[in-house]
Amino acid sequence: MSCTGGLGKRLVACLRWGTLSLLLLFLCHFTFPAPDFAPPLDIDLKLSGTFGELRSNHFHAGIDLKSPDGKVGTPVYAAADGFVHRIKVKGGGYGQALYISHGNGYSTVYAHLDDFTEGLSDYVRKEQYRLKSFQVNLFPAHDMFPVKKGELIGHMGNSGHSYGPHLHFEVRRFGIPVNPLQYIPVPDETRPVFRKLYFHWFNPSKTPLRREKSPLLPTPDDTLEVAGGLMGLSVYTYDPQNGGNNKNGIYQLKMYLDEDIIFHSIYDKVPFSKTRYANAHMDYAFKKEENVKPYALYRLPGNALDLYQKMEDNGFFIPGKEAQLVRLVAEDYNGNTNELRFYLRRKEKREVQNSSPFHYLVPHHTEKSIQKGPLTVQFPKGALYHDLHFSLDENEGSFVIGNPLVPLHKYIGLEYALTDEQCSDQLFLAHCAENNKIYNAGGEIKADRLVASVRQFGKFSLEVDSVPPQIELLSWSKQNEKLKGKWKISDNFPAIGKAKDLDFEARLDDYWTLLRYDAKTGSLQWEETCTKGKHLLEIVVTDDRGNENRFEKSFSI
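Please read all numbers here as calculations on a predicted model, not as lab measurements.

Conventions we followed
Residues numbered from 1 in each chain as written. Predicted model: local features only at pLDDT ≥ 70, side-chain atom pairs only at ≥ 80, totals over all residues. Heavy atoms only, no water. Helix = DSSP H or I, 4+ residues; strand = E, 2+ residues; numbered from the N terminus. Rg over C-alpha atoms; globule rule 2.2 N^0.38 Å. Buried < 20%, exposed > 50% of the residue type's maximum accessible area, 1.4 Å probe, protein only. Lys, Arg positive; Asp, Glu negative; His and termini not counted. Charge placed at Lys NZ, Arg CZ, Asp CG, Glu CD. Pairing = 2+ DSSP bridges. Axes fitted to C-alpha atoms, helices over the stretch in contact; angles between N-to-C directions. Phe/Tyr/Trp six-rings, centres within 6.5 Å; stacked < 30°, edge-to-face > 60°. Lys NZ or Arg CZ within 6 Å of the ring centre and 35° of its normal. Salt bridge = Lys/Arg side-chain N within 4 Å of Asp/Glu carboxyl O. Polar contact = N/O pair within 3.5 Å; in protein donor to acceptor, adjacent residues only side chain to side chain. Contact = heavy atoms within 4.5 Å. Core = buried A, V, L, I, M, F, W, Y, C linked by side-chain atoms within 4.5 Å. Patch = residues over 30% accessible without salt bridge, like charges linked within 9 Å, V, L, I, M, F, W, Y side chains within 5 Å. Areas by Shrake-Rupley, 256 points an atom, 1.4 Å probe, with all protein chains shown as cover.

Asks: So what's going on with the overall build of the chain? Residues and values would help.
Replies: Secondary structure summary: the chain contains five helices and 43 strands in total. Relative to the globule expectation of 24 Å for 557 residues, the C-alpha radius of gyration of the chain, 27 Å, shows essentially globular dimensions. A principal-axis box enclosing the C-alpha atoms of the chain has dimensions of 90 × 65 × 50 Å. The buried share among the 557 residues of the chain stands at 50%. Distance between charge centres in the chain, computed from 67 positive and 68 negative side chains, equals 3 Å.

Asks: Which residues make up the sheet that holds strand 26 (residues 375–379), and what values go with them?
Replies: Think of a sheet as strands paired side by side through backbone hydrogen bonds, with each pair either parallel or antiparallel. Strand order across the open sheet formed by five strands is 25-26-30-34-33, with antiparallel pairing between neighbours. Single-partner strands in this sheet number two, and they are strand 25 (368–372) and strand 33 (444–446). Each strand axis lies, on average, 25° off the axis of its neighbour in the sheet, ignoring direction. Taken together, the five bridges between strand 25 and strand 26 define a ladder with antiparallel strand orientation. Its bridge partner lying in strand 26, Gln371 is registered against Thr376.

Asks: Describe the packing of aromatic side chains, with residues and values.
Replies: Geometry of an aromatic ring pair is reported as the spacing of the ring centres plus the angle between the planes. Tallied over the entire structure, the rule returns 28 aromatic pairs. Where Tyr277 meets Tyr385, the ring centres are 5.9 Å apart and the plane angle is 55°; that geometry is what we call tilted. Of this pair, Tyr277 sits in the loop between strand 20 (260–266) and helix 4 (278–281) while Tyr385 sits in the loop between strand 26 and strand 27 (388–390), and the two are 108 residues apart along the sequence. For the pair Tyr277 and Tyr385, one class covers both residues: buried. Cluster of aromatic residues (ring-pair linked, three or more members): Trp476, Trp487, Trp526, Phe551 and Phe555. One cation-aromatic arrangement involves Arg86 over Tyr99; the distance from NZ or CZ to the ring centre is 4.6 Å. Residue placement shows Arg327 over the ring face of Tyr256; its charged tip is 4.2 Å from the ring centre.

Asks: Go over the side chain of Asp332, please, and point to the residues and values.
Replies: The topology assignment puts Asp332 in the loop between strand 22 (324–331) and strand 23 (337–351). Buried charge without a salt bridge: Asp332, with Arg191 as the nearest opposite-charge side chain at an N-O distance of 9.3 Å. Looking at Asp332, its side chain comes within polar contact range of the main-chain nitrogen of Asn334, at 3.0 Å. Contact partners of Asp332, with chain neighbours within four places excluded, come to Asp188, Thr190, Arg191, Pro192, Asp239 and Tyr251.

Asks: Now, about the sheet that holds strand 37 (residues 482–490): what can you tell me, with residues and values included?
Replies: On the basis of which strands lie adjacent, the open sheet formed by four strands has the order 36-37-41-40 and antiparallel pairing. Two strands lie at the open edges of the sheet, namely strand 36 (470–479) and strand 40 (516–518), each paired on one side alone. This sheet shows a mean twist of 15° between the axes of neighbouring strands, independent of strand direction. Bridge analysis of strand 40 against strand 41 (residues 523–529) gives three bridges, and the strand direction is antiparallel. Counted as the bridge partner of Tyr517 is Leu524 from strand 41.

Asks: Tell me about unusual backbone geometry, and please be specific about residues and values.
Replies: Within the chain, Asn436 stands out as a residue other than glycine whose phi angle is a positive 70°. Along the polypeptide, Asn436 turns up in the loop between strand 31 (427–432) and strand 32 (438–440).

Asks: Outline the pairing of strand 29 (residues 398–401), supporting the account with residue identities and numerical values.
Replies: Side chains on a regular strand alternate between the two faces of the sheet. Two elements, strand 28 (residues 392–395) and strand 29, share four bridges in a ladder whose sense is antiparallel. By the bridge assignment for strand 29, Leu392 is matched with Ile401. The pairing of strand 29 with strand 35 (residues 458–464) spans three bridges and is antiparallel. Of the residues in strand 35, the one forming a bridge with Ile401 is Gly458.

Asks: A description of the pattern of salt bridges should follow, citing residues and the corresponding values.
Replies: For the structure shown, the criterion picks out 22 salt bridges. Taking the shortest distance from any N to any O, the salt bridge between Glu170 and Arg172 comes out at 2.8 Å. Comparing Glu170 with Arg172, the two get one shared label, buried. Salt-bridge contacts for Arg449 lead to Glu415; the nearest nitrogen and oxygen are separated by 3.0 Å. In this pair, Arg449 sits in strand 34 (residues 449–454) while Glu415 sits in strand 30 (residues 412–417), placing the two residues 34 residues apart along the sequence. What you see here is one network of salt bridges that share partners, running through Glu53, Arg55 and Asp64.

Asks: Give me the nonpolar core: which residues, what numbers.
Replies: Counting residues in hydrophobic clusters, the biggest one holds 47 residues, and the most contacted among them are Phe199, Leu233, Met255, Leu328 and Leu344. When residues of this core are assigned to their parent elements, the largest contribution, five residues, is made by strand 15 (residues 193–202). Setting aside residues no more than four positions away along its own chain, Met255 makes contact with Leu233, Asp260, Ile261, Ile262, Phe263, Leu297, Phe317, Val326, Arg327 and Leu328. Counting residues in each nonpolar core, the second largest holds 39 residues, with Ala79, Tyr123, Leu167 and Leu181 among its members.

Asks: How would you explain the environment of Ser101 if you had to name every residue and give the values?
Replies: Mapped onto the elements of the fold, Ser101 is located in strand 7 (residues 96–103). Take Ser101: its relative accessible area is 18%, and that puts it in the buried class. Apart from the residues within four sequence positions on either side, Ser101 is in contact with Asp81, Gly82, Phe83, His85, Tyr106 and Ser107.

Asks: Tell me about a negative patch on the surface, residues and numbers included.
Replies: Together, Asp258, Glu259, Asp260, Glu312 and Asp313 give the surface a local cluster of negative charge. Position of Asp313 relative to the elements: it lies in the loop between strand 21 (295–296) and strand 22.

Here it is in structure tokens:
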């Protein structure tokens, strides 16, 4: 790109600021021609996931294209000319993923692949052995793997955190995910549906006070009576798409109060730096309670998303004494719409008050430190989406910290003052979940304190882990010189947050050998061709607290 004239001067000015984010923001204000993208699959395209869809703690960054037969193996093709600029392999997340650069700031991502083409696979395996790691994040030279539009690059799979064969496909512009349906049309004549409606009340600072679920989905003739005061709505709506049962995300959502539009969200792009704000964009409390993901039709004070088109008081309103018409309009990318209509009026003038007891008021826009007994809780600026009525209770050595129905955007710090008897390398911060299962939230002993970080509220305590992880042999086969094995590995206290996942390593006759890991099943797979003679395979698995278990198997060829 030539940096001459006004464009060049502004680019130089951006560079002087010294921030990549500012440069990307600058570039995105200019129009660069997009490649002529082709579908990455040569089948009738059907969606099992849409761009901007609400996922657990994030927005979906692409579209999910269904397997035509429910199996892995469907060929995957490059969507446009370019070169492979990144290859990432890990047991969770995107599993086996390819990243192709196309010029003008555009790139595409192909995730959850079952395999790559031969040249790519050979390169990845060589690098895994060089780095002695199954998990790799590789950036090959630009001239190593050029690709043409429609060229085979791999096959659809189920690797990583995928729960059924599909292709996760992304289009990125200067590194920011944009809606692939702008470039890859997918037929759809099925309109979105509405399923549930919720009410929320707030104080003038937008701190939540109370919430209710509408017992029935209202009809156009219904008049709903609600308590007075500042309130907002949330709604569970989804788009079924053609030929599928998936409850996919919508493209646009609007709320009208009488004839005024007071809320409008649209899902064209969501930067990775802001994807966790999905917890503020969804109705997080009802998501946790009902296992659905309702859209909040209001913008909390700490929500920094840019996907809102028009906001009248950020979607908050005070119901009137006279009935007002409420219209919620959901639309998919193909323009199919559905509308939920009803009337709303205040049944009493008295405003909702906070009926739940709390100990502290924690602001969302500043730091806050709270101490109770041996525990200190440190809230950084921006950890919350709104000011919080916060409680901290101690009960028989455990602390109940906040309300699990409230999301955290950033990690908060927990520091426990320890006695001499408690100091141990195997001491960890334990999170007791709602099902009473204990998780390892990590922690590090510094002098006489255990210092940890968590990104969820709930019940926490200090525990000791001296139990090694488990290694279970699931299968073993030998065919001539080819050996195959499969194991399941697990730990008594699964890791969450910043605690380390299980670490594993295998050695064949004292040489590092590759184990493939599937995080969703906790399984290790090994396949190797061995020379004639006696051999020894050793697998060592280590947990977050350094507890180690070992598997050994001798065999002959």
